[in-house]
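Chain and residue survey
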There are 4 protein chains.
Amino acid sequence: MTAIETPVRLKAVAAPDQPDVTPALEELYRGFEQELLVPLWTEIGDLMPAHPRSRAVPHLWRWDNLRELAEQAGHIVPVGRGGERRAIALANPSLGGRPFATPTLWAAIQYLMPGEDAPEHRHTQHAFRFVVEGSGVWTVVGGDAVPMNRGDFLPQAGWNWHAHHNATSEPMAWIDGLDIPLQYLTEAQFFEFGRDQISDAERITPERSRSEQLWAHPGLRPLSATATSAGSPLLNYKWEHTNAALKDQLQLERAARAQGHSGGTVEPGHAAVRYTNPQDGRDVLPTIRAEFHRVTRGAETAPIRETGSSVFQVFDGSGVITVGDRSWTASRGDLFVVPSWTPFSFRSEAGASDSDEGALDLFRFSDAPVFEALQLNRIQKDDA
Amino acid sequence: MTAIETPVRLKAVAAPDQPDVTPALEELYRGFEQELLVPLWTEIGDLMPAHPRSRAVPHLWRWDNLRELAEQAGHIVPVGRGGERRAIALANPSLGGRPFATPTLWAAIQYLMPGEDAPEHRHTQHAFRFVVEGSGVWTVVGGDAVPMNRGDFLPQAGWNWHAHHNATSEPMAWIDGLDIPLQYLTEAQFFEFGRDQISDAERITPERSRSEQLWAHPGLRPLSATATSAGSPLLNYKWEHTNAALKDQLQLERAARAQGHSGGTVEPGHAAVRYTNPQDGRDVLPTIRAEFHRVTRGAETAPIRETGSSVFQVFDGSGVITVGDRSWTASRGDLFVVPSWTPFSFRSEAGASDSDEGALDLFRFSDAPVFEALQLNRIQKDDA
Amino acid sequence: MTAIETPVRLKAVAAPDQPDVTPALEELYRGFEQELLVPLWTEIGDLMPAHPRSRAVPHLWRWDNLRELAEQAGHIVPVGRGGERRAIALANPSLGGRPFATPTLWAAIQYLMPGEDAPEHRHTQHAFRFVVEGSGVWTVVGGDAVPMNRGDFLPQAGWNWHAHHNATSEPMAWIDGLDIPLQYLTEAQFFEFGRDQISDAERITPERSRSEQLWAHPGLRPLSATATSAGSPLLNYKWEHTNAALKDQLQLERAARAQGHSGGTVEPGHAAVRYTNPQDGRDVLPTIRAEFHRVTRGAETAPIRETGSSVFQVFDGSGVITVGDRSWTASRGDLFVVPSWTPFSFRSEAGASDSDEGALDLFRFSDAPVFEALQLNRIQKDDA
Amino acid sequence: MTAIETPVRLKAVAAPDQPDVTPALEELYRGFEQELLVPLWTEIGDLMPAHPRSRAVPHLWRWDNLRELAEQAGHIVPVGRGGERRAIALANPSLGGRPFATPTLWAAIQYLMPGEDAPEHRHTQHAFRFVVEGSGVWTVVGGDAVPMNRGDFLPQAGWNWHAHHNATSEPMAWIDGLDIPLQYLTEAQFFEFGRDQISDAERITPERSRSEQLWAHPGLRPLSATATSAGSPLLNYKWEHTNAALKDQLQLERAARAQGHSGGTVEPGHAAVRYTNPQDGRDVLPTIRAEFHRVTRGAETAPIRETGSSVFQVFDGSGVITVGDRSWTASRGDLFVVPSWTPFSFRSEAGASDSDEGALDLFRFSDAPVFEALQLNRIQKDDA
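Residues numbered from 1 in each chain as written. Chains lettered and ligands numbered in written order. Predicted model: local features only at pLDDT ≥ 70, side-chain atom pairs only at ≥ 80, totals over all residues. Heavy atoms only, no water.

Chain D puts 91 residues into the contact, and the matching count from chain A is 91 residues. Between chain D and chain A, a total of about 7800 Å² is buried, with carbon and sulfur atoms accounting for 68% of that surface. Where chain D touches chain A, the interface holds 6 salt bridges. In this structure, Arg55 of chain D and Glu187 of chain A form a salt bridge, with 3.2 Å as the shortest nitrogen-oxygen distance. Across the chain D-chain A interface, the total number found is 30 residue pairs in polar contact (both at pLDDT 80 or more). Taken together, the elements giving at least two residues each to the side of chain D that touches chain A come down to helix H1 (23–35), strand S1 (37–39), helix H2 (44–47), strand S2 (59–61), helix H3 (63–76), strand S3 (87–90), helix H4 (180–186) and helix H7 (368–373) of chain D. (Contact = heavy atoms within 4.5 Å. Buried area = accessible area lost by both parts, 1.4 Å probe. Salt bridge = Lys/Arg side-chain N within 4 Å of Asp/Glu carboxyl O. Polar contact = N/O pair within 3.5 Å; in protein donor to acceptor, adjacent residues only side chain to side chain. Helix = DSSP H or I, 4+ residues; strand = E, 2+ residues; numbered from the N terminus.)

Moving on, we get to the pattern of salt bridges. Scanning the entire structure with this criterion turns up 116 salt bridges over all chains. When the shortest N-O distance is used, the salt bridge between Asp46 of chain B and Arg98 of chain C registers 3.0 Å. Of this pair, Asp46 of chain B sits in helix H2 (residues 44–47) while Arg98 of chain C sits in the loop between strand S3 (87–90) and strand S4 (106–112), on two different chains. With relative accessibility at 24%, the residue Arg98 of chain C sits in the partly exposed group. Residue Arg62 of chain B is joined to Asp334 of chain B by a salt bridge in which the shortest nitrogen-to-oxygen separation is 2.7 Å. Here Arg62 of chain B is found in the loop between strand S2 (59–61) and helix H3 (63–76), whereas its partner Asp334 of chain B is found in the loop between strand S19 (326–330) and strand S20 (335–338), with 272 residues between them in sequence. Assessed through its relative accessible area of 4%, Asp334 of chain B is described here as buried. Salt bridges here are not isolated pairs; linked through shared partners, they connect Arg274, Glu291, Glu306 and Arg364 of chain A. (Buried < 20%, exposed > 50% of the residue type's maximum accessible area, 1.4 Å probe, protein only.)

With that settled, consider the arrangement of the chains. Chain C makes no contact with chain A, the minimum C-alpha separation between the two being 18 Å. A gap remains between chain B and chain D, with no contact made and the closest C-alpha atoms lying 18 Å from each other.

The terminal C-alpha atoms of helix H6 (residues 239–258) of chain A lie 29 Å apart, and with 20 residues this matches the ideal 28 Å at 1.5 Å per residue to within 8%. Turning to H6 of chain A, its buried residues are Trp239, Thr242, Asn243, Ala245, Leu246, Asp248, Gln249, Leu250, Leu252, Glu253 and Ala256 of chain A. Contacts from the buried residues of H6 of chain A go to strand S14 (270–275), strand S15 (289–295), strand S17 (310–316) and strand S22 (360–366) of chain A together with helix H5 (210–215) and strand S13 (220–222) of chain B. Remark: Gly260 of chain A follows H6 of chain A within two positions and exhibits a positive phi of approximately 85°. (Expected span 1.5 Å × (residues − 1).)

Let us now look at the packing of aromatic side chains. Evaluation of the coordinates by the stated rule reveals 104 aromatic pairs over all chains. Between Phe336 of chain C and Phe346 of chain C the ring centres are 6.0 Å apart and the planes differ by 65°, which places this aromatic pair in the edge-to-face class. Linking Phe336 of chain C in strand S20 (residues 335–338) with Phe346 of chain C in strand S21 (residues 344–348), this pair joins segments that are 10 residues apart in sequence. Across the pair, Phe346 of chain C and Phe336 of chain C agree in class, each one buried. Ring geometry for Trp328 of chain D versus Phe336 of chain D: centroids 6.3 Å apart, planes at 35°, classification tilted. Just as Trp328 of chain D is buried, Phe336 of chain D falls in that class too. An aromatic cluster is defined as three or more aromatic residues linked by ring pairs; in this entry it consists of Phe128, Phe130, Phe153, Tyr237, Trp239, Tyr275, Phe292, Phe315, Phe363 and Phe365 of chain A. The ring of Tyr184 of chain C is capped by Arg55 of chain B, whose NZ or CZ atom sits 4.6 Å from the centre of that ring. One cation-aromatic arrangement involves Arg378 of chain B over Phe190 of chain C; the distance from NZ or CZ to the ring centre is 3.8 Å. (Phe/Tyr/Trp six-rings, centres within 6.5 Å; stacked < 30°, edge-to-face > 60°. Lys NZ or Arg CZ within 6 Å of the ring centre and 35° of its normal.)

By themselves, these figures tell us nothing about what the structure is for.
This is the structure we're talking about:
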């Protein structure tokens with residue numbers, strides 16, 4: 001057999017659970033290398049740890065810095081076919097400089113200048129937009145112009161045609177979340193270019209998308225909508241609804257407390273909703289879960305750890321974020337990642353208020369649906 | 001063998017597809033009777049027809065008559081333990097005088113006098129309330145006081161404790177729908193008495209129930225609610241949401257029509273929503289489907305027939321209702337039944353308006369989830 | 001208002017939980033009758049009992065009597081188009097002489113003379129055959145000739161074309177089970193005549209049907225079978241497999257007992273299997289569950305009660321059957337019914353044997369899938 | 001801001017779809033690097049290709065080489081706590097020397113010397129064994145000793161305790177398949193050591209495991225088994241059943257062909273089964289699909305491509321394997337990988353036989369359940 005070039009490199013090491021380092025072992029390892037083989041016994045610690053040890057690390061990105069760089073890019077990087085989007089992605093410090101916020105999630109700031117369009121395309125990657133500030137951009141999904149305003153969450157299941165257009169005289173920035181790393185790792189991606197320009201008819205600026213007119217009524221399914229698609233048919237979860245739901249939970253909590261028991265919220269001072277597909281009550285996207293959390297002033301969440309990773313963005317208020325052994329004081333727009341099986345908790349800035357005023361508001365997205373679909377989800381509430 | 005008393009009665013008849021009437025056949029039939037046996041060949045026409053031939057017939061009850069009789073009952077029939085409810089049920093004319101609107105559905109008017117309570121109980125029968133007029137009664141479900149106002153739909157899955165209390169100085173009437181006949185036929189019923197009186201704390205009169213505070217936000221699931229129950233956790237589908245959803249569909253239809261195509265509605269001038277469980281997007285109750293239909297002035301629905309039966313109540317407007325070979329002009333409060341596989345259609349009263357004004361509004365409930373769960377559902381759109 | 005003829009008859013009675021019998025009440029009741037209305041308070045005891053009180057009663061039919069009458073019918077009642085089948089159904093003594101074994105289930109003995117055919121038809125009613133004795137008939141389902149031998153169970157989901165042909169010189173009797181009463185009550189039935197004669201190519205007598213060649217391999221799904229149909233694609237559950245499964249369970253039980261613990265069986269001496277759809281592991285038919293139970297000599301099952309009704313046939317052995325307050329000694333071929341929420345238990349004839357020899361073998365079918373689909377299933381193990 | 005060490009490296013390049021290379025762009029990119037950001041426009045071609053372009057390549061490993069190296073390892077590498085298993089994994093040539101057969105799948109040869117034990121452990125990784133030759137090892141899963149013989153397939157869902165013991169005087173080799181790479185990439189893994197030694201009672205050598213006694217009867221579910229676990233409760237899919245199923249399909253094909261039509265097989269001369277969980281008819285493991293394919297002599301499969309990757313092992317016969325632009329003549333034991341969206345086909349060695357004799361038999365496993373659960377599955381039949 002002629003020696004081939006092989007990427008396998010095996011090193012016999014003297015260790016309690018390793019075979020004795022002998023010439024025979026060395027010869028065996030050379031044979032493995034040549035045959036493109038790797039033994040379990042040298043890799044098991046890395047591949048099969050007692051619990052997940054993420055390759056990613058906790059990290060926080062400051063919104064001010066992101067927006068400033070995005071604005072610079074707005075002036076020197078055009079948006080057009082090929083590059084497709086002026087999107088700038090978070091690169092976890094320990095994932096080799098790749099644009100992966102976590103091993104499965106993509107998070108980017110996207111920036112559109114006044115009057116600009118981002119051309120139409122579609123891809124199997126599931127996506128969403130979340131708006132932490134500003135307004136004026138519409139995302140056109142399959143011909144439906146969807147407005148984007150502060151607090152809005154816009155899911156968009158894979159393989160839907162979509163474009164963006166900024167209809168105003170101000171630039172606008174927002175957050176894109178996608179499962180790009182997951183589909184990159186599993187090798188599932190398809191992509192197609194659409195029209196370079198959307199039509200004038202789509203360049204309208206309605207206050208509500210058609211999808212909202214059909215689907216944004218609580219518990220009511222339009223009989224004219226028949227087929228069930230992969231993701232949510234509701235293309236905008238407007239802030240007014242999210243905010244109202246959180247206020248209601250905190251009001252229920254106060255009413256319950258007045259009667260001496262708990263209720264309404266996840267834990268004291270911690271209201272939370274999950275964005276769901278009104279067709280089936282499940283996650284809005286097959287691979288991405290999205291939630292909104294509100295922690296009232298002075299409240300603190302109990303540490304928790306879960307399999308799978310998350311990206312959070314502070315929507316309002318400020319507080320101390322603790323992820324693993326890292327801790328930051330964060331405020332509006334700041335983004336941070338929680339790697340798999342890393343405990344995390346939040347403490348909202350102290351204050352006199354028992355009301356919703358000044359609460360720490362957090363948008364969250366994660367890969368939880370992947371873990372649930374594959375029956376790999378685990379959760380553990382740690383003692384504080 | 002001694003002859004026993006047997007309910008079986010067989011009559012040999014001379015007919016093309018029947019065996020020859022002979023003494024041997026007569027003797028055989030006597031043997032069948034004695035052994036409690038019935039041959040298929042004498043019954044097949046009734047039991048296995050080419051298509052469903054309902055034992056029920058189309059019928060319409062006038063709301064004015066129902067309410068008047070209910071009011072009389074209000075004065076002479078007390079509400080209390082044993083009788084449980086001042087509910088008066090529709091009896092389909094061809095179902096032997098039994099209180100069955102259709103073979104599977106119960107529909108009744110319930111009436112509560114000022115200050116009256118209906119005592120707490122629970123049962124496996126799935127139930128709902130629908131309010132065509134009035135207000136002032138609260139249904140207390142598991143301690144949650146749910147208000148009832150015109151247009152509200154209140155589902156209540158089986159085995160939940162519930163009571164009613166009229167907190168006002170006016171009597172109030174509404175419609176109860178249950179699957180009593182179905183559970184009677186399949187023999188599945190359980191029933192328990194609860195407290196004779198609800199507590200003062202439950203005798204509150206909130207504008208929104210706790211269930212609404214948690215669940216009546218479109219596409220938003222409270223993270224504090226974990227378990228999935230049999231039916232909808234949302235105990236009131238308020239009229240404002242239903243009405244808004246129907247208006248939106250008709251507006252979408254008008255916008256689509258302006259661009260030369262159709263959309264938004266089920267058919268021209270016909271908007272419709274299904275009440276769904278926000279946990280899973282399915283029907284609000286395991287055995288009952290509920291919908292609301294709006295037919296704009298001058299519009300007409302295409303005849304359709306389905307397996308399973310329905311009860312409709314006119315909520316507003318007026319029009320011509322056609323069910324099988326029956327036809328009525330109906331208006332607010334009138335109730336009518338559509339037996340299985342009977343074609344039906346509606347024509348809203350003509351008028352100049354293209355708007356929602358004066359539309360024929362119809363509440364509907366049916367046994368469709370039963371047919372779908374058993375894979376017995378069929379639908380056929382007939383040519384007009 | 002002119003008085004119409006109404007089937008409603010209301011009688012005011014003096015009772016603790018009934019309204020006072022007064023002229024006003026009588027007048028009210030006359031109004032109800034006239035308007036086709038029935039109050040809840042006079043009916044609630046019947047319609048909403050504390051627990052199911054079946055209209056059916058326990059009853060046992062002797063196989064010898066059934067077969068003798070069927071044989072007589074074989075000589076004087078022809079099989080042909082119109083009557084369709086020489087099937088003779090069990091009529092529960094308290095269901096008014098209707099051919100309903102229970103409120104939801106049909107059970108009949110079918111009899112085919114040498115060389116006879118039963119013509120092809122299809123219907124929405126779900127059906128099966130079970131063979132307690134004999135052989136020689138093939139059921140042709142969609143062109144697939146399925147043999148029928150002692151112990152075989154042949155499910156056949158609704159709307160499949162099917163015919164029977166007796167290819168031998170002996171008559172043959174077997175049991176048909178269908179959901180005829182359920183579909184009659186819910187009014188879901190469709191029926192179509194097929195060919196009067198099956199083709200010669202279908203008149204073959206294979207030992208195994210094509211369905212078995214594709215599907216009767218444990219845990220193995222043929223990749224050539226793509227679509228998922230309503231019921232099981234496996235058209236014959238041959239006795240050899242059922243018997244082997246029961247023997248294995250009892251062997252596991254003995255092995256476990258030897259080690260001082262329990263296992264393998266439902267309870268000591270009681271092995272049981274459910275026939276399932278290999279496509280999804282669920283019941284073989286959407287509305288009918290089928291099982292086979294083996295109770296070893298001297299063993300006794302614990303009393304149990306369930307919502308829903310069952311029909312059992314003794315396949316082999318003999319023993320004492322207790323259903324509610326009835327009790328019979330039954331042996332091969334005898335059929336009996338268990339009404340809803342009626343406790344039942346079996347005691348196999350005593351004997352020296354700890355082996356499978358002489359065990360009481362029981363085939364069972366029930367409406368359990370209906371109750372589970374509608375979330376109406378309950379079960380209760382009673383103390384003996 | 002102080003410059004941090006960053007793994008991000010961005011290079012401005014002159015290209016049609018890239019921004020102009022200017023000092024401003026260079027400055028922007030330095031800012032991105034410093035802030036741990038990566039733009040989409042430089043990465044989109046790699047991350048969002050028009051269709052999956054696998055990082056893995058097609059490759060074939062010769063069984064003779066694998067077994068020889070495994071045998072050497074048998075003499076110099078002990079099996080014990082820490083290393084856990086004498087398993088040697090296939091390393092795809094283009095995956096950087098990591099022990100990943102494909103980006104999601106692990107495939108290894110495991111080797112156990114006479115009398116050896118592999119210690120008990122459990123892990124969330126889903127696993128199976130497949131036996132291409134030999135016998136004599138039992139895998140003890142949760143106390144159930146499961147025999148391993150040529151052609152047997154043994155799935156084992158995550159988090160079950162398991163050990164191996166070689167009860168004979170011969171060494172034995174077999175194939176392990178796991179989702180190690182997938183769980184490594186998504187970071188979902190948990191692992192626990194069990195007992196160092198299994199008990200003597202587990203060191204038995206039954207011909208059938210308890211799991212087979214309960215579950216290896218076609219379409220029959222033991223009523224004593226209640227809970228539904230994550231993967232298949234059937235721990236051995238014995239060769240006799242797989243072989244019989246394939247023979248039956250080919251016999252059906254021949255019978256159909258004699259009547260002038262097709263049927264029974266996937267395509268002419270190509271029989272195939274999927275191993276399924278008898279509880280639900282779904283894949284045996286949440287993340288791994290397993291199948292067995294038989295291609296009769298002279299037959300050829302049509303090229304096909306799918307999202308997701310597979311590993312095949314030739315079980316018997318020989319033929320030409322084509323994967324993408326690679327092609328090999330393969331025979332018993334040879335293993336090869338099919339990367340995502342790479343077309344593949346097989347041609348069985350020509351021969352006179354129309355029978356099953358000498359057919360090319362292929363065992364296959366893949367990550368298809370992952371793609372289906374995440375709705376990322378696509379399939380395309382290419383023209384030959």
